[in-house]
Every structure is written in C-alpha cells, then in structure tokens.
Amino acid sequence: MNGRTTAADGEAAALPHGDRAEPPAPFPFEGLPGPAVAPAPSVLPRHPGELLFAGRTAVVTGGAAGIGAGVVRALAVHGASVVFADTDAAAAKETCALVAAESGAAPVAVIGDVRDPSTVAELLRAAPDADLLVNNVGDFRPSGPFLTSEEADWQSMYELNLLHVLRVTHAFLPQMKAAGRGAIMNVSSVEGMRGIPGNAVYGALKAAVLSFTASLAAEVGQYGIRVNAIAPDFTDTPQTPMWASTPVKYADQVGRWVPAGRFGHPSDHGDAVVFLLSEQSRFVTGETLRVDGGTLAAPGWFRRDESRFTNLPRPLR
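All figures in this text were calculated on a predicted structure; none of them were measured in a lab.

Enquirer: Help me understand the packing of aromatic side chains in this model?
Expert: Across all of its chains, the model carries one aromatic pair by this definition. Ring plane angle 15 degrees and centroid distance 5.4 Å describe the contact between F146 and W154, whose orientation is recorded as stacked. Using a relative accessible area of 33% as the deciding quantity, one classes W154 as partly exposed.

Enquirer: Quick question: what am I supposed to make of the confidence of the model for the chain here?
Expert: Looking at the chain, pLDDT values average 83 and 79% of them are 70 or higher. Considering only residues more than four positions removed or in separate chains, one finds that residues 1–35, a stretch of pLDDT under 50, has 62 contacts.

Enquirer: Sorry if this is basic, but what is going on with the packing of helix 1 (residues 66–77) against helix 2 (residues 89–103) here?
Expert: When two helices pack together, you describe them by how their axes are tilted relative to each other and by the distance separating the axes. At a closest axis distance of 9 Å, the pairing of helix 1 and helix 2 adopts a crossing angle of 30 degrees. When the axes of helix 1 and helix 2 are compared, the pair comes out roughly parallel. Classified by chirality, the crossing of helix 2 by helix 1 is right-handed. Contacts between helix 1 and helix 2 involve A69, V72, R73, A76 and V77 from the first element and T95, L98, V99, E102 and S103 from the second. Across the contact of helix 1 with helix 2, the residue classes break down as six nonpolar, two polar and two charged.

Enquirer: Please explain the sheet that holds strand 7 (residues 288–291) as it appears in this structure.
Expert: Two modes of strand pairing occur in sheets, parallel and antiparallel, and in both the strands are linked by backbone hydrogen bonds. The strand order across the open sheet built from seven strands is 3-2-1-4-5-6-7, with neighbouring strands paired in parallel fashion. Edge strands, defined here as strands with exactly one partner in the open sheet, are strand 3 (108–111) and strand 7. On average, each strand axis in the sheet is inclined to that of its neighbour by 15 degrees, with strand direction left out of account. Alignment of strand 2 (residues 81–86) against strand 3, held across four bridges, turns out to be parallel. Directly across from V83, in strand 3, lies its bridge partner V108. Lying over the sheet, helix 3 (residues 117–126) contacts strand 1 (57–61), strand 2 and strand 3, oriented at roughly 165 degrees with respect to strand 2. Against the sheet, helix 7 (residues 266–277) contacts strand 4 (132–135), strand 5 (182–187), strand 6 (225–232) and strand 7, and its axis sits at roughly 160 degrees relative to strand 6.

Enquirer: I'm lost on the environment of H164 in this one. Help?
Expert: With respect to the helices and strands, the residue H164 is situated in helix 4 (residues 151–179). Between the alpha carbons of H164 and N136 there is a distance of 9.8 Å; along the sequence they are 28 residues apart. For H164, the residues in contact, after removing those within four places along its chain, are T61, V114, V137 and E159.

Enquirer: Where do I start with the nonpolar core in this structure?
Expert: Soluble globular proteins tend to bury their nonpolar side chains together. The biggest cluster of nonpolar side chains holds 29 residues, and the ones touching the most others in it are V60, L75, V134, I230 and L277. Of all the elements in the fold, those that place two or more residues in this core are strand 1, helix 1, strand 2, helix 2, strand 4, strand 5 and helix 7. With six residues, helix 1 is the largest single contributor of residues to this core. Setting aside residues no more than four positions away along its own chain, I230 makes contact with M185, N186, V187, S188, S189, H269, A272, V273, L276, T288, L289 and V291. Grouped together as the second largest cluster of nonpolar side chains are 23 residues, V59, V83, A130 and V220 included.

What counts and how
- Residues numbered from 1 in each chain as written.
- Predicted model: local features only at pLDDT ≥ 70, side-chain atom pairs only at ≥ 80, totals over all residues.
- Heavy atoms only, no water.
- Phe/Tyr/Trp six-rings, centres within 6.5 Å; stacked < 30°, edge-to-face > 60°.
- Buried < 20%, exposed > 50% of the residue type's maximum accessible area, 1.4 Å probe, protein only.
- pLDDT = per-residue confidence, 0-100.
- Contact = heavy atoms within 4.5 Å.
- Axes fitted to C-alpha atoms, helices over the stretch in contact; angles between N-to-C directions.
- Helix = DSSP H or I, 4+ residues; strand = E, 2+ residues; numbered from the N terminus.
- Parallel < 35°, antiparallel > 145°, perpendicular 65-115°, else oblique.
- Left-handed = near helix turned anticlockwise from the far one by under 90°.
- Nonpolar A, V, L, I, M, F, W, Y, C, P; charged D, E, K, R; others polar.
- Pairing = 2+ DSSP bridges.
- Core = buried A, V, L, I, M, F, W, Y, C linked by side-chain atoms within 4.5 Å.

If you want it as structure tokens, here you go:
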C-alpha cells in the first residue's frame, strides 16, 4: 500500500463544497456466519449426448480435496475419465464416491506423493492414454522471512511447487505427442505475479510455473498440445480455510477485500480448467488465467461502500 486514496474514497477534505460523506451503507453480506452452500461441480451446461470430454482421459495431481477436487468433479461431470493422485486415502475415497454420484463414473485414485517418481510412474500406468493433464499440487508452507529460512526449506518448496510439475509433464508428453493432441493445465498463483512477503521462495517458484507454461506452450504447439495455467487467490479450501480463519464479525468485509464479493470456491477453478482444457479454448495456449475474483486487478484497493475505495492500512468502517 502506498498511502493514497482514490478521488472516490470519500474523505471530507476531498469532497466538493465541504460536504461530508454519508455513512457507508451496510454490505449485503452483513452478519453472514459462514460461506454459502457449496455449488454444483460445474455451472456449465451438461449435455449427456455431447459431453465436452467424452472419450478423453484426464490426470489430476492432488485431486482429493480443495481446488484439485473441484477440478476432478468438473472434468468428470463433463465426461472425462479421471485419474488423480493424492496422499490422503480417506479424502480420495470420499471424492471418488461424490464424483460417482454426480457423474455416474468414479475416478481412479492413485494414493501416493506426486513428488515421488514411483507415484508418477503409477499414474502413467493408470492412464496410459491420458491427453489431459492438470498439475495442481502446490503449497505455500513452510513460510516465514527469507532471512531465517534454510536450504532445506527451499528444497521442500521446490519439490512441492515446481519439480513435480516438470516431472509429471515430462512423463505424459510423449503419449500426447504420439496422439497428436493434448492439453496441459498448471495451477500457479497470483503470488507468482506480485510480491508476497514472508513467502519469497514460494512466489519465485509460482512465477517459474508461469514461465514454464508459456515456454512449453511455444515448444509443443507444433504437436497439437496446448499448455495454459490458472492463478488462484482467496479460495476456501482445507489448505486455505478462508471462512474458518475469518471471524464472524468480519464476514461482511469479504466483499470489500475481494472485488467479486466473495471468497472463491474450488468449483470456480474447476470450470476455468474445463474451459482451458476443452475445445472452447482451442486457439488459446501459453496463457495464464487469473481466477482470483479481481484481487490482482485491484491490488491493495478495498471497497468501503458502493463508491468509495481506500488503500490505506486502517479499519474500513
């Protein structure tokens, strides 16, 4: 934040003729005790006779919960045969059951750590014809000042946020090239596009994912393979439980922090991935789509009411 306010911020000194600003109107979410009911796996129309991914196989890393589960649900409901990897066997079982109820076909879960080459090999055996790939696994922990971090922390972050993306992509590219088609989705973060104090290594690695996405897209487009990325922010997941960490008394502030007026849900990212993997985006490659509710479009600017905004670090009411 730089201490400025927009002309619409509403400070009395900035108002013409000395008029004083009206008190902020209550935000529509005033008093919300928690998030809205989780939406369906996809808001996109589903046509049983013309499923977007009929006959396609998709691989998703970290598909048992959070954004990964949102992606698995959305791909499956639109006809993809999904194979996903995760370390959490219980969560994987629940997600498989949920997807089977929603789409009529349960995904295949590979229980293992995608950082382990043996898990990648097992994924490849489970999906030898996969032509859709979503590299979803990532984590911002451990975090803290770079000054007090150690090389072991950097290595852990590298393996969590970049190395497996390279390894899994490298494993599945040959079969996509042989098939003459494929689409790869990398899950990065808006933190790869801006500074994130206390998470310098994480931010650097997420930026690397974006660069890898663009560079690989330029390289493999000749084989009919597209490569894109999404960059999330403020999504309510088990890894980042936005509502659980937001006191009820601040529930009405969410719409001021996020321009779209709410925290993200995994289904928001699932539908974005559906778009970027499907033929709807057949001429889009090397692109990063921010699925952040507008937080990067208005970095540091918070809405006070309908017409006033501020970037001053102070209470917003």
